[in-house]
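Each chain, letter by letter, is given below.
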Amino acid sequence: MASTPRFSLRARFGVALLAGLPGVAALVWYVYRTTPPTAVPPGLSRPLLALLTAVNPLLLLVVACLIGAYAAPRVGLRSHLLDRAGGDARALGWVRGEAGLAVAVGVVGSLLVIALDVALAPLVARDLPRSAIGAGQPTVVDVLAYAPVRFLYGGVTEELLLRFGLMSALALGGWVLAGRRGDAPGPRVMWAAIGVSAVLFGVGHLPALAQAVGLTPALVARTVLLNAVAGVAFGWLYWRRSLEAAMVAHAAFHVPLVALSLVQVLS
């Protein structure tokens with residue numbers, strides 16, 4: 001059943017936005033740390049360049065949190081953090097109860113994506129000599145420095161963008177188009193919202209890849225597929241459990257990737 005907002009749209013928006021800001025800060029810090037002085041455009045300092053990289057993610061986060069704060073409670077999509085901010089003392093207990101499943105989904109999903117990446121590697125060998133997972137020759141410090149971006153921006157901020165904002169909006173839009181049958185969107189509407197948001201999650205990773213290599217149809221298909229697999233898992237958790245379950249799963253998804261990167265560096 002679609003839930004009734006327990007406190008104002010402004011309050012829900014503010015709480016969600018605050019939850020996503022550490023991820024944006026982690027991204028700014030990483031850009032500042034890894035940008036060599038020679039790569040700073042004339043007229044800019046390295047701190048200013050790092051801050052400018054936060055403009056687009058921050059604007060997207062603001063829009064996503066505003067949309068999610070409006071749409072999510074209307075289609076029955078839960079956030080325990082927002083419930084707790086609205087006065088539900090039981091919310092944190094629900095998070096603990098969902099953590100085991102969320103971690104399992106995240107780790108298993110990561111291992112599946114790694115296996116698919118290996119299986120698809122021959123198809124993109126000419127375009128991407130080494131898999132994007134673990135590509136290049138980073139140091140241990142590089143891997144650990146990027147970890148906060150993976151866990152905070154990937155695990156929290158991206159879930160606010162893709163699930164809380166986009167998927168909630170798609171679910172509400174699909175439900176309206178379906179005539180608002182029932183008290184909440186049915187499985188067809190929800191699976192459509194999950195699928196579209198998962199594909200767009202994959203598409204959203206293409207600009208970063210394009211900065212490293214030239215995009216080809218095979219690379220585009222591979223990148224979208226690998227990330228969409230993870231996106232479907234996170235979307236299902238958001239639908240059937242909560243936004244926080246999706247966040248925990250997304251963060252856990254990166255644990256095997258960080259471990260694999262460290263193994264590659266140390267081998």
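Residues numbered from 1 in each chain as written. Predicted model: local features only at pLDDT ≥ 70, side-chain atom pairs only at ≥ 80, totals over all residues. Heavy atoms only, no water.

Caption draft 1: Structural detail: the environment of Leu81. Looking at where Leu81 falls in the secondary structure, it is placed in helix α4 (residues 80-85). Classification of Leu81 by relative accessible area gives partly exposed; the value is 39%. Sequence spacing of Leu81 and Val15 is 66 residues, and the spatial spacing of their C-alpha atoms is 8.0 Å. (Helix = DSSP H or I, 4+ residues; strand = E, 2+ residues; numbered from the N terminus. Buried < 20%, exposed > 50% of the residue type's maximum accessible area, 1.4 Å probe, protein only.)

Caption draft 2: Seen up close, the environment of Asn56. Counting through the fold element by element, Asn56 comes out in helix α3 (residues 55-71). Spatially, the C-alpha atoms of Asn56 and Val24 are 10.0 Å apart, while their sequence positions differ by 32 residues.

Caption draft 3: Spotlight on the pattern of salt bridges. Enumeration according to the criterion identifies 4 salt bridges in this entry. Arg33 serves as the salt-bridge partner of Asp142, at 3.6 Å between the closest nitrogen and oxygen. Taken as a pair, Asp142 in helix α6 (residues 140-177) and Arg33 in helix α1 (residues 9-34) lie far apart in primary sequence, 109 residues in all. Exposure remark for Arg33: the relative accessible area of 30% places this residue in the partly exposed category. (Salt bridge = Lys/Arg side-chain N within 4 Å of Asp/Glu carboxyl O.)

Caption draft 4: Seen up close, the UniProt feature "transmembrane region" (unreviewed entry) in the chain. Using the residue numbers shown here, the UniProt feature "transmembrane region" (unreviewed entry) corresponds to residues 12-32, 48-72, 99-121, 160-178, 190-213, 219-239 and 246-266. End C-alpha to end C-alpha, residues 99-121 measures 33 Å, and it is 96% helix and 0% strand. Segment residues 246-266 splits into 100% helix and 0% strand. End C-alpha atoms: 31 Å apart. (UniProt positions renumbered as here; feature names shortened; annotations may be inferred.)

Caption draft 5: The arrangement of the UniProt feature "domain: CAAX prenyl protease 2/Lysostaphin resistance protein A-like" (unreviewed entry) in the chain in detail. Here, UniProt's "domain: CAAX prenyl protease 2/Lysostaphin resistance protein A-like" (unreviewed entry) annotation points to residues 144-253. In residues 144-253, the share of helix is 83% and the share of strand is 0%. The end C-alpha atoms are 16 Å apart.

Caption draft 6: Broad picture of the packing of aromatic side chains. Applying the stated criterion to the full structure yields 4 aromatic pairs. An aromatic cluster is defined as three or more aromatic residues linked by ring pairs; in this entry it consists of Phe201, Phe234 and Phe253. One residue, Arg163, lies across the ring of Phe201, its end atom 5.1 Å from the ring centre. Looking at Arg240, its charged tip hangs above the ring of Trp239, at a distance of 4.6 Å from the centre. (Phe/Tyr/Trp six-rings, centres within 6.5 Å; stacked < 30°, edge-to-face > 60°. Lys NZ or Arg CZ within 6 Å of the ring centre and 35° of its normal.)

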